[in-house]
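Each chain is listed here by its residues.
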Amino acid sequence: MGSAWSGLVPEARAAPSAAYNWRNVVTGGGGGFIPGIIFNKKQKDLIYARTDIGGAYRWNAATSSWIPLSDTTGWVDWNKNGVDALATDPVEPNRVYMATGTYTNDWDTNGQIMRSTDKGDTWQVTPLPFKVGGNMPGRSMGERLVIDPNKNNILFFGARSGNGLWKSTDYGATWTKVTQFPNPGTYVQDPTNSYGSDIVGLAWITFDPSTGTAGGATQTVYVGVADKENNIFRSTDGGATWEAIPGQPVGYLPHHGELASNGNLYISYSDGVGPYDGTKGDVWKFNTQTGLWTNISPVPSSSTDNYYGYGGLAVDAQHPDTLVVATLNSWWPDANLFRSTNGGATWTAIWDWDGYPSRKLRYTQDISGAPWLSLGIEPIPPTPSPKLGWMIGDLEIDPFNSNRMMYATGATLYGTNNLTDWDSGGKVNISVMARGIEETAIMELISPPAGAPLLSAMGDISGFRHDDLTAPPAKTMSVPAWSTTYGIDYAELNPGFMVRVGMADYSADANARSVGLSHDGGANWYKASSEPAGTKGGGTVSVSADGNAIVWSTSDVGVYYSKSGGNSWTASSGIPAGAKIAADRVNPNKFYAYSAGKLYLSTNGGATFTQTAAAGLPSSGAASLKAVPGREGDVWFAGGNESPGPYGLWHSTDSGASFTKLANVQEADGVGFGKAAPGQSYMALYVIARIEGVRGFFRSDDAGASWVRVNDAQHQYARVTTITGDPRVYGRVYVGTNGRGIVYGDPVGGTPDPDPVKQSTISPTSSSFDKKTGNQADITVTMTLNGNTFGGIKNGSATLVSGTDYTVSGSIVTLSKGYLASQPVGTTNLTFQFSAGTSPVLAITVIDTTSAGSGNIKVQMYNGSTAATVNGISPRFKLINTGTSAVVLSTVKLRYYYTIDGEKAQSFFCDWSHVGGANVTGSFVKMATPTTGADHYLEVGFTSGAGSLAAGQSIEVQIRFSKSDWSNYTQSGDYSFASTGATYADWSKTTGYISGGLQWGLEP
C-alpha cells in the first residue's frame, strides 16, 4: 500500500483555482478585544470597529451586523490586521483611514497608513518609516489618527516609539513629521519586558471644529500624550506651534479626550495605559474658554473605592453636558459605567452597592446573541455572570441618536438603544452588538467523523463544540476551566472520546487540572484525575485510534503518556521535550513525533519512542504532523522556514521511516484531510502553502499530485494557524486564523451548506417506550416543516403505515403504542422523511419492565464509550425520583452488570455528580452464579453527605471503572452495556434498589 503513493511526486506546475464560498463559523460575540469604535459624524449608521489583531469592520444597519474590511490581508503583510487607529471622514463619508501594524517589537515590520474612498471595500497603502502597534499596550487610547473636520485633506497621526506627531495634507497619501511637537511621550509600560518596553507615545488627537470654516484648516488642535507629568498639548495655529496647557493634571495618563460643542474638553485618566492595567484614575474637564480645570471624577482617585482608573469616555453630540465614562479595569466584582447630564457635576452609576453582596442594577443584560459569554461561570454575588465587561477602553454615543451607545470589552461589543432611560430611573437594556465580528485566535481545529462537525481550541475563551456552524454555541469548553486551549484531539475509531489541554490556574484551585476528557464528543468535559507532576500544562495532545492511550507533550516537563484515562501518567522515553506528536489513525499502538528535524515512532502506545531513519526534514520553523485516517503508517509533515530551510510538504507511507518532499509545494505551514473526492479512495488534502509563488489554501484530490487554490485575493485572513477538511463533506475546509476566528469554505456549486430555513426538524429526537402493558403509551412528535412537506416514516427499509402505525394532525405525529409494542427491546430508529433537506431520526429506547421492580425510582443510562474493547468502562447514570416523597440517597444502590474478561483487582472513579464525586461510592461484586453477559457487577452507592433526592427531581452520576493493570474489557456482550445512544434513556438492564429492595430494572 505504501509504495502506491510514494511515487506521486510531480513536476512543478501552476495550481489552478477552484471557486469557493467563504464564511465564518459563527460565535456571534466577537471573542476578542475591540479597542475602538468610531462613528461618522456626517452620515448616520456609518460606524467602524477596529480590533487589535483581526482587522476592522463596518456596521451594516440593514442586518445589525458587522462587515469585515481586512480579509484581503495576506500572509506576508499580516501586520495590516493590527489596527492602532481608524478615522472616518466627517466631510466625505466615503473616505476612511487606518493606521495598521501589529507590533513595535523586533518581530514585526514597519506599519502603514491605509486609505479608502469606498468605506473600506478597497484600500491604498502608504508605508510609514516606523512601526505601528495595533496589539501593543495602550491600544484602546485614541483616536491617534484624525481628519480635519473643516479641511479633510489634512490628517494628523500620533505615533508610538518616540516618533511623535505626523501630518498629511493630501488625504493620507504622504506624511511629514511635525518637528515642532514638543513631547513624543515618555511612558513605558514595563521596561523589563521585551513586549512592554516600548514608548507608548501619543494617545489621542482632537480638533476644535469651531476654530475653522469649511475648506479652511482648523486652527485649534489638542493632543494627549502617554506621559504622567506633561501630557495635554494645544496648537492654535493648525499645528505649526504647540504648548503644554497650563494647570493640567499630573500623575496619570490621558486615555481619551472628547471635546463637547460647548467648548468643554473631557479627559479620562488612568495610571496605566491598558488594556490590562490601571488601578487609579480621574476624569477632568477643561474649559477651553476660561482655561479652568475641574476634577469631575465619579469616584476620585483619592477614594479607596477607586481601584480601576477610567477608560472609555463619550459625550452626547446633541447634549454637550451629557457624558458617560467607563472604568478601565474593574475586575471585581464587575466593570461600571457612570453617566452625567450636567457636565460631570453629579453622576449616576449603572450599578451601586445595595447592602453587600447585593447590588442595585440600572441595566438589564441580554447575551442571547452569544450565550457562551457567561463563560461557564455561575454568578456568585456580588460577582455576576455574564459581566458588564472588562478592559472597557472605548465607549461611544451615536452622534445622531442619543439613545444608542456602544462599548467595547475584552470579549465582545455591547450596546444599548435606550440609553436615555437611565436619566428617568429606567433600566438600560444592554445586549450583544457584535454579530459579524469574529476575532478569536485559533490554536487547533478538529473535524471528527461523527458528532459535531467541528471543535475548536481557542486563545482567551478556551474553545467550542460547534454543533451548528451558522449559530453561536451555547457554551464554551469551560469544565475544566482555563482561558486558552492549546491542543485537542479525538480517537479516530472511537470519536466520542476527546482530550484537550490548557493551562489551569492552580493559584485559584490547587486541585485544578490542565487536561480535560470527554466521552460524548465534546458536549461535556471533566478533568482528569491526575496529570504529570510539576506541569503547568499547555503543549499538544494526541489520542490513540481506539482512545486507550493519550500522549501529552507538555509545555514544560516533557512528553508523557497515559493508558488509564488520565488517572496516571508516565514519562515517555526516547523523545525530546516539546516534540510535536500525532497518533496513527488506524493502529492504536502507533504514535509519531517530530523534533528538530528528526522523526520518532512509538509502537507501544507512547511508552517508548525510537528515532527513525527519516532524513531531510527541516530542523526549525513551522511543524504540522498528521496521520491519514484509514491508512496505517501514512503520515504528512508540513513545515520549515525560509532560513535556513528546507520548507515545504513531506509524505511518508512507511510509518515515518522515510519521507518524500513534494516538488510542487514551495512552502507549507499546515496540512489537513477531508472527505475524498467522488471516485477517489484517498482523502482530500488541504494545505496552508505557497505553490507556484502564490500563497493561499490549496486542495489536492490525488494525494498531492496536483493542487487547486481554494481561496482568492479577497479571502486571505493574514497569518492563518491551522487547517483541516471535513471527513463527511467533500470540499469543505476549515481554517483557523490569528484574530479572524474560524473561516470555512465550500466549493461553489458543490456540496451546499445546509440551509437552516430548508431543514425540517422534529422534537424530540429521542424517547423511550416500555413494553409492560400498564406502562405503554403513544409517543407524540412535533415537526417543524420550514416550508417542506412530510413524506412518511421508515424503520430501516420498512415503511410505517399511516393511520395504523402512526397518525398525523397538522404538525403533530402520534406513534401508536401498538406499533411500538411490536418492536424488540433495544433501540428503534425511525427516520422522518421530508420533501427537502436531511431526514431527522427519532431514536426510541424500547424496554420491557414487565418483571422489573415498580418502585419509586427510575434509572436512565448510556455508555460514555461504546467501543467493543476498552480499558475502562464508563456508565453515565441519571437517577430519577418518580415517587411523591423524597428519597434518602444513602439508601439507594445501582448495579451495572458485566463480564470481567480476566479477573484482576479493579478501581472505581467518579468523574462527576450533582451530589459531588466524593459522595459517590463504588464496590465490585463477583456473582455467585454467572449468567449470560455478567459474572460481576459494580454497585454504586451514596454517602450520607449526598443528602436526599426530592420527588420529581434527578441527579447524574458519571463513573468509570478499570482493572489495576489497565487490561481490556470486551464490553460489547455485557448485560448492562448500551451499545448505542449518547443521551440518557430508560435502561432496565441497570437495576436500582432502595434499602435492598428492587425498585427498577431487570436483574440478569
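Before reading on, note that the structure itself is shown above.
Every residue gets a number counted from 1 within its own chain, in the order that chain's sequence is written. Since the coordinates come from a predicted model, pLDDT governs what is reported: local features require at least 70, and pairs of side-chain atoms require 80 or more to be given and counted, while whole-chain, interface and lining totals use all residues. Hydrogens and waters are ignored; side-chain quantities use all the structure's heavy atoms.

## Some details on the overall build of the protein chain
Item 1. Secondary structure elements are defined from DSSP: runs of H or I of at least 4 residues count as helices, runs of E of at least 2 residues count as strands, and each element is numbered from the N terminus. A tally of regular secondary structure across the protein chain gives two helices and 81 strands.
Item 2. At 31 Å, the protein chain has a C-alpha radius of gyration in line with the 30 Å of a compact globule built from 1004 residues.
Item 3. Its C-alpha atoms give the protein chain principal-axis dimensions of about 100 × 75 × 60 Å.
Item 4. The buried label applies to any residue whose accessible area, calculated with a 1.4 Å probe on protein chains only, is under 20% of its type's maximum; exposed applies above 50%, and partly exposed to all values in between. Per-residue burial over the protein chain gives 58% buried out of 1004 residues.
Item 5. Residues are treated as being in contact if the distance between any of their heavy atoms lies within 4.5 Å. Look at the contacts in the protein chain between residues 6 or more apart in sequence, and 56% of them connect residues 24 or more apart.
Item 6. Per-residue and other accessible areas were derived by the Shrake-Rupley procedure at a 1.4 Å probe size, with only the shown protein chains allowed to occlude residues. Of the roughly 35900 Å² of accessible surface on the protein chain, a fraction of 50% belongs to carbon and sulfur atoms.
Item 7. Only four residue types enter the charge count, namely Lys and Arg as positive and Asp and Glu as negative; His and the chain termini do not. Charge positions are represented by NZ for Lys, CZ for Arg, CG for Asp and CD for Glu. Charged side chains of the protein chain number 68 positive and 82 negative; the gap between the two group centres comes to 2 Å. Atoms considered for the radius of gyration are the C-alpha atoms alone. The globule rule reads 2.2 Å times the number of residues to the power 0.38.

## A closer look at the packing of aromatic side chains
Item 1. Classification of ring pairs rests on two measures: the distance between centres of Phe, Tyr or Trp rings, Trp counted by its six-membered ring, which must be within 6.5 Å, and the angle between planes, read as stacked under 30 degrees, edge-to-face over 60 and tilted in between. With the rule as written, the count across this model stands at 40 aromatic pairs.
Item 2. A ring pair is formed by Tyr-896 and Tyr-898, whose centres lie 6.5 Å apart and whose planes are at 35°; its orientation type is tilted. Comparing Tyr-896 with Tyr-898, the two get one shared label, buried.
Item 3. Through a chain of ring-to-ring contacts, three or more aromatic side chains come together here, namely Tyr-896, Tyr-898, Phe-924, Phe-961 and Tyr-969.
Item 4. Criterion for a charge above a ring: Lys NZ or Arg CZ within 6 Å of the ring centre, and within 35 degrees of the ring normal. Seen from the ring of Tyr-171, Arg-95 lies directly overhead, with NZ or CZ sitting 3.9 Å from the centre.

## What about the pairing of strand S35 (residues 462-466)?
Item 1. Of all five residues making up S35, five are buried, and the element is well covered by its neighbours.
Item 2. If DSSP finds at least two bridges between two strands, the strands pair. Looking at chain direction, strand S34 (residues 454-458) and S35 are connected through five bridges and run antiparallel. Within S35, the position partnered with Ser-456 by the bridge is Phe-464.

## Side note on the environment of Asn-336
Item 1. If you trace the backbone, Asn-336 turns up in the loop between strand S23 (323-327) and strand S24 (337-340).
Item 2. Distance in space between the C-alpha atoms of Asn-336 and Leu-388 is 7.4 Å, their sequence separation being 52 residues.
Item 3. Non-local contacts of Asn-336, meaning those with residues more than four positions away in its chain, are made with Val-325, Ala-326, Thr-327, Ala-349, Ile-350 and Trp-351.
Item 4. By the criterion applied in these results, polar contacts are pairs of N or O atoms within 3.5 Å in which, for protein atoms, one can donate a hydrogen and the other can accept it, and in which residues neighboring in sequence qualify only through two side-chain atoms. At 3.1 Å, the side chain of Asn-336 and the backbone oxygen of Trp-351 are in polar contact.

## Side note on the environment of Phe-977
Item 1. Relative to the assigned elements, Phe-977 resides in the loop between strand S78 (969-970) and strand S79 (985-986).
Item 2. Along the primary structure Phe-977 and Gly-247 are separated by 730 residues, whereas in three dimensions their C-alpha atoms are 79 Å apart.
Item 3. In contact with Phe-977, other than residues within four places in its own chain, are Asn-863, Ser-865, Thr-866, Tyr-896, Gln-971, Ser-972 and Trp-987.

## Focus on a nonpolar patch on the surface
Item 1. Patch building starts from residues that exceed 30% relative accessible area and form no salt bridge, then joins like charges within 9 Å and nonpolar side chains (Val, Leu, Ile, Met, Phe, Trp, Tyr) within 5 Å. Whenever Lys or Arg places a side-chain nitrogen within 4 Å of a carboxyl oxygen from Asp or Glu, that contact is recorded as a salt bridge. On the surface, Tyr-276, Tyr-307, Trp-331, Trp-332, Trp-353 and Tyr-356 cluster together to form a nonpolar patch covering roughly 740 Å² of accessible area.
Item 2. Here Tyr-276 lies in the loop between strand S19 (264-270) and strand S20 (283-287).

## Looking at empty space enclosed by the protein
Any space left empty among the atoms is revealed by the rolling of a water-sized probe across them.
Item 1. Only protein atoms enter the 1 Å grid used here, on which a cavity is any set of points holding a 1.4 Å probe that cannot leave and a pocket is any open set flanked by protein within 12 Å on both sides along at least five of seven lines; residues with an atom within 4 Å of a point are listed as lining. Grid points are joined across faces, edges and corners, and a volume is the space filled by probe spheres set on the points. Throughout the structure, instances matching the rule amount to four cavities of 30 Å³ or more.
Item 2. Each pocket or cavity is described by its volume, and for the largest cavity that value is around 210 Å³.
Item 3. Along its surface, the largest cavity is lined by 24 residues, and His-519, Gly-547, Gly-565, Asn-871 and Gly-872 are the ones closest to its centre.
Item 4. When residues of the lining of the largest cavity are traced back to their parent elements, those giving at least two are strand S37 (494-502) and strand S77 (954-963).
Item 5. Per-element accounting of the lining of the largest cavity gives the leading share, three residues, to S77.
Item 6. We call Asp, Glu, Lys and Arg charged. Ala, Val, Leu, Ile, Met, Phe, Trp, Tyr, Cys and Pro are nonpolar, and the rest, Gly among them, are polar. A class-by-class count of the residues in the lining of the largest cavity yields nine nonpolar, 13 polar and two charged.
Item 7. Contributing to the lining of the second largest cavity are Gly-74, Trp-75, Ile-688, Ala-689, Arg-695, Gly-696, Phe-697, Asn-711, Gln-716, Ala-718 and Val-720.
Item 8. Taken together, the elements giving at least two residues each to the lining of the second largest cavity come down to strand S53 (684-691) and strand S54 (694-700).
Item 9. If one sorts the elements of the lining of the second largest cavity by residue count, S54 sits on top with three residues.
Item 10. Classifying every residue of the lining of the second largest cavity by side-chain character gives six nonpolar, four polar and one charged.

## Describing unusual backbone geometry
Item 1. Omega for the peptide link from Val-479 to Pro-480 comes to -5°, which places this bond in the cis form.
Item 2. Looking at where Pro-480 falls in the secondary structure, it is placed in the loop between S35 and strand S36 (485-491).
Item 3. Its identity is not glycine, yet Ser-64 carries a phi of approximately 50°, on the positive side.
Item 4. One non-glycine residue, Leu-375, lies in positive phi territory at about 55°.
Item 5. As for its placement among the helices and strands, Leu-375 is situated in the loop between strand S28 (363-366) and strand S29 (395-397).
Item 6. According to the relative accessible area criterion, Leu-375 is partly exposed, its value standing at 25%.

## Some remarks on the pattern of salt bridges
Item 1. Under the criterion given, the structure shown has 28 salt bridges.
Item 2. Linking Asp-352 and Arg-362 is a salt bridge whose minimum nitrogen-to-oxygen distance equals 2.6 Å. Linking Asp-352 in strand S26 (residues 351-353) with Arg-362 in the loop between strand S27 (359-361) and S28, this pair joins segments that are 10 residues apart in sequence.
Item 3. Given the relative accessible area of 18%, Arg-362 is considered buried.
Item 4. In this structure, Glu-939 engages Arg-895 in a salt bridge whose closest nitrogen and oxygen atoms are separated by 3.0 Å. With a gap of 44 residues between them, Glu-939 in strand S75 (residues 934-942) and Arg-895 in strand S72 (residues 892-898) connect regions that are remote in the sequence.

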